[in-house]
Amino acid sequence: MNGIARRGLLLVLSSPSGGGKTSVGRALRETDANLHLSVSLTTRPPRPGETDGIDYHFVDEPTFLRAVAADAMVEHAQVYAHRYGTPRAPVAKALDEGRDMLFDIDWQGTRQLRAALPGDIVSIYLLPPSMEELSRRLAARAQDDAAIVARRMAQAASEIAHWDEYDYVLVNRDFDETVAAARSILAAERLRRSRGTGLAPFVSRLLGS
Ligand code: 5GP
């Protein structure tokens, strides 16, 4: 905030699978040194190319449930066949240190995160331009087998139904435009007065009191 200390923020990007949240999030982080990806725990097995500790912390069911019981997760949910959740400690640390975190979580997790940290969350929902385009993007990804693609298309409508729980909604028609819009949102939200922990002391000095 123009050299003034501030609290970090939690940027949530949600979309149905294939809706673009991962690529948009990656593009945001590539040009922004202060946006750190929150690494979730999941019981889902790794996909080819995914690395433990970078894409997710891949854990078994008992480990996941122990973390929940220890209140070590700020949110968690069952998504499709697996459990996903966000570790609490890195979130608290980032907020205190004025670092921003990016979350690729579903609507259930977004709700819990908002309830836990209402002043800190900034949420963006990415809508596909059409269901045909979503299906095409899912199939083109080709990481999941056809049965998973079909199931995710079936789930997409019920996920999209939560679009109105988000602060900002972008139709992801053109990738570059979507990234530019998300950057603008982030830039403005960083300047919110409520995050400016250094503002009051700055103004005191400014006015010589
Ligand atoms: P995938 O298995 O494709 O990586 O993710 C499946 C879904 O789980 C996506 O919608 C993703 O946003 C969601 N997800 C990933 N991590 C978390 C998390 O920590 N919490 C919640 N609530 N959802 C998550």
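Heads up: the structure comes first, above all this text.
Counting starts from 1 at the beginning of each chain's written sequence and moves along it residue by residue. Totals for whole chains, interfaces and linings use all residues, but because this is a predicted model, local features are given only for residues with pLDDT of at least 70 and pairs of side-chain atoms are given and counted only at 80 or more. Only heavy atoms go into the side-chain values, all of them from the structure, while hydrogens and water stay out.

S.K.: Tell me what's going on with the packing of aromatic side chains, and back it up with residues and numbers.
M.R.: Aromatic pairing here means that ring centres of Phe, Tyr or Trp (its six-membered ring) are within 6.5 Å. Orientation follows from the plane angle: under 30 degrees is stacked, over 60 is edge-to-face, and everything else is tilted. For the structure on display, the rule yields 3 aromatic pairs. Through a chain of ring-to-ring contacts, three or more aromatic side chains come together here, namely Tyr-56, Phe-58 and Tyr-84.

S.K.: Can you lay out the site of the ligand for me, pointing to particular residues and giving the numbers?
M.R.: Near, as used in this document, describes a residue that has one of its heavy atoms within 4 Å of the molecule or strand being considered. In the region of the ligand, 16 residues are neighbours, and Ser-40, Arg-44, Tyr-56, Glu-75 and Tyr-84 sit closest. N or O atoms within 3.5 Å of each other form a polar contact, as long as, within protein, one can give a hydrogen and the other can take it, and as long as residues adjacent in sequence are counted only when both atoms are side-chain atoms. Here Lys-21 contributes a side-chain N or O atom positioned 3.0 Å from an oxygen atom of the ligand. Between Thr-86 and the ligand, the recorded distance is 3.5 Å, taken from a side-chain N or O atom to an oxygen atom. Accessible surface area values rest on a Shrake-Rupley calculation with a 1.4 Å probe, where residue burial reflects the displayed protein chains alone. Its free accessible area being 510 Å², the ligand has 95% of it covered by the protein chains. With respect to the pocket detection grid, the ligand is positioned in the largest pocket. Among the elements of the structure, strand S5 (73-79) and strand S6 (82-87) are those that each provide at least two residues to the shell around the ligand. Cavities and pockets are defined on a 1 Å grid built over the protein atoms alone: a cavity is a set of grid points where a 1.4 Å probe fits but cannot escape, while a pocket is an open set with protein on both sides within 12 Å along at least five of seven lines, and lining residues are those with an atom within 4 Å of any such point. Cavity and pocket membership follows a simple rule, namely that a molecule belongs there if more than half of its atoms are within 2 Å of the grid points. The secondary structure listing takes helices from DSSP runs of H or I that are at least 4 residues long and strands from runs of E that are at least 2 residues long, numbered from the N terminus.

S.K.: For the sheet that holds strand S1 (residues 10-14), give the residues involved together with the corresponding values.
M.R.: Here, a strand pair is defined by DSSP locating no fewer than two bridges between the strands. Taken together, 5 strands build an open sheet; the order of strands is S2-S7-S1-S8-S9 and the sheet is parallel. The open sheet terminates on both sides in strands that have one partner only, identified here as strand S2 (35-37) and strand S9 (168-171). Averaged over all pairs of adjacent strands, the angle between their axes in this sheet comes to 25 degrees, without regard to strand direction. Whether two residues touch is decided by their heavy atoms; if any such pair falls within 4.5 Å, the residues are in contact. To define axes, lines are fitted to C-alpha atoms, for helices over the stretch in contact only, and angles between the resulting N-to-C directions are given on a 0 to 180 degree scale. Lying over the sheet, helix H3 (residues 88-97) contacts S1 and strand S7 (100-103), oriented at roughly 140 degrees with respect to S7.

S.K.: How would you explain the pairing of S7 if you had to name every residue and give the values?
M.R.: Burial along S7 is two-sided: the face carrying Asp-100 and Leu-102 and the face carrying Met-101 and Phe-103 are both buried. Pairing of S1 with S7 involves 3 bridges; the strand directions are parallel. Paired with Val-12 across the bridge in S7 is Phe-103. With 3 bridges connecting them, S2 and S7 associate as parallel partners. Opposite His-36, over in S7, you have Met-101 as the bridge partner. Classification of residues uses two cut-offs on accessible area relative to the type maximum, computed with a 1.4 Å probe and protein chains only: under 20% is buried, over 50% is exposed, and between them is partly exposed.

S.K.: Give a description of unusual backbone geometry that names residues and reports values.
M.R.: Excluding glycine, most residues fall at negative phi; most peptide bonds, likewise, are trans. The phi torsion at Asp-71 lies on the positive side, around 60 degrees, for a residue other than glycine. With respect to the helices, strands and loops of the structure, Asp-71 is situated in the loop between helix H2 (61-69) and S5. Of note, the phi angle at Tyr-80 is positive, near 55 degrees, even though the residue is not glycine. By the secondary structure assignment, Tyr-80 is in the loop between S5 and S6. By relative accessible area, Tyr-80 is classed as buried at 18%.

S.K.: Break down the environment of Ile-160 for me, with residues and values.
M.R.: By secondary structure assignment, the location of Ile-160 is in helix H6 (residues 146-160). The buried category is assigned to Ile-160, whose relative accessible area is 17%. Filtering out sequence-adjacent residues up to four positions away, Ile-160 remains in contact with Pro-16, Tyr-125, Leu-127, Pro-128 and Met-131.

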